Amino acid sequence: MENNTQTAAQPPPNREEMKGASGQGGLTLEELKEKMEIFAKERDWDQFHSPRNLLLAMVGEVGELSEIFQWKGEVPRGLPDWEEQEKLHLGEELSDVLLYLVRLSDICGIDLSKAALRKIELNAIKYPISICNQKHNQIKTSPLTAPVATAAAADAAATSTTSNDNGGV
Ligand SMILES: Nc1ccn([C@H]2C[C@H](O)[C@@H](COP(=O)(O)OP(=O)(O)OP(=O)(O)O)O2)c(=O)n1
């Protein structure tokens, strides 16, 4: 998605208008799911929202999200040097990815809230705090020697049933 904020005929909704049914200024996944369902129904776009189409649309939006960071090098957390307009654009692309993900989950009959909570629990089992902290401390105190053997042992303990592809934890 290109930055729609410059071409939109309507002014953007204010904070009150953007509040969800929860009234907290934040939407639940369930509320997002319902909004996407209504959005598609009103336009008779249900017919296009097949699993494959939604997946491809989401991947396309991930590409657009990536373009924002492309060639920038690493950027500090909070993006302190970015213009407000760039951050607005980033929010739009993040939202496109989220909205397609929510819609894809719904169309596939997956309860995304439940699935995500379950996955967090699985992650915690796979990567126990004690082992992760132990490994980080070892790396901090002796970067060139001890970690090699002990980290391998920690990996083996943490990944006894599944592969460890988390990029270094
Ligand atoms: N068949 C469609 C088309 C769009 N959308 C919604 C979900 C996304 O949030 C947004 C995507 O709209 P566009 O396809 O127009 O993509 P962009 O907003 O990225 O615009 P562009 O591709 O012109 O940059 O609209 C949808 O639900 N179903």
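- The name given to the protein chain in an unreviewed UniProt entry is dCTP pyrophosphatase 1, and the organism recorded there is Forsythia ovata.
- The record held by UniProt for the protein chain lists under Subunit (unreviewed entry) the comment "Homotetramer."

1. Focus on the overall build of the protein chain
Line of reasoning, step 1. Within the protein chain, the secondary structure is distributed over 7 helices and 0 strands.
Line of reasoning, step 2. Reading the secondary structure of the protein chain in the N-to-C direction produces α-α-α-α-α-α-α.
Line of reasoning, step 3. A burial count over the protein chain gives 8% of its 169 residues as buried.

2. Topic: the UniProt feature "domain: NTP pyrophosphohydrolase MazG-like" (unreviewed entry) in the protein chain
Line of reasoning, step 1. In the numbering used here, UniProt assigns the feature "domain: NTP pyrophosphohydrolase MazG-like" (unreviewed entry) to residues 50-117.
Line of reasoning, step 2. The straight-line gap between the two end C-alpha atoms of residues 50-117 is 25 Å; of that span, 72% is helix and 0% is strand.

3. Things to note about the confidence of the model for the protein chain
Segments scoring low in pLDDT should not have their predicted coordinates read at a detailed level.
Line of reasoning, step 1. Per-chain confidence: the protein chain averages 81 in pLDDT, with 67% of residues scoring 70 or above.
Line of reasoning, step 2. Confidence drops under pLDDT 50 across residues 145-155; counting only partners more than four residues distant or on other chains, this segment forms 11 contacts.
Line of reasoning, step 3. A low-confidence stretch, residues 157-164 (pLDDT under 50), is modelled with 10 contacts involving residues beyond four sequence positions or located in other chains.

4. Some thoughts on the packing of helix α3 (residues 51-69) against helix α4 (residues 84-107)
Line of reasoning, step 1. Interaxial distance between α3 and α4 falls to 9 Å at its minimum, and their mutual angle equals 160°. It follows from the interaxial angle that α3 and α4 lie roughly antiparallel. Considering the relative orientation of α3 and α4, their crossing is left-handed. Contacts from Pro51, Leu54, Leu55, Ala57, Met58, Glu61, Val62, Glu64, Leu65 and Ile68 in α3 reach His89, Leu90, Glu93, Leu94, Asp96, Val97, Tyr100, Leu101, Arg103, Leu104 and Ile107 in α4.
Line of reasoning, step 2. Considered class by class, the residues forming the contact of α3 with α4 number 15 nonpolar, 1 polar and 5 charged.

5. Looking at the packing of helix α2 (residues 29-42) against α4
Line of reasoning, step 1. Packing of α2 against α4 brings their axes to within 9 Å, and their N-to-C directions diverge by 85°. Considered as vectors, α2 and α4 are oriented roughly perpendicular to each other. The residues of α4 that touch α2, namely those facing Leu29, Leu32, Lys33, Met36 and Glu37, are Leu99, Val102, Arg103 and Asp106.
Line of reasoning, step 2. The class makeup of the residues in the contact of α2 with α4 is 5 nonpolar, no polar and 4 charged.

Conventions used here
- Residues numbered from 1 in each chain as written.
- Predicted model: local features only at pLDDT ≥ 70, side-chain atom pairs only at ≥ 80, totals over all residues.
- UniProt positions renumbered as here; feature names shortened; annotations may be inferred.
- Helix = DSSP H or I, 4+ residues; strand = E, 2+ residues; numbered from the N terminus.
- Buried ≥ 20, exposed ≤ 12 C-beta atoms within 10 Å, placed from the backbone.
- pLDDT = per-residue confidence, 0-100.
- Contact = placed C-beta atoms within 7 Å.
- Axes fitted to C-alpha atoms, helices over the stretch in contact; angles between N-to-C directions.
- Parallel < 35°, antiparallel > 145°, perpendicular 65-115°, else oblique.
- Left-handed = near helix turned anticlockwise from the far one by under 90°.
- Nonpolar A, V, L, I, M, F, W, Y, C, P; charged D, E, K, R; others polar.

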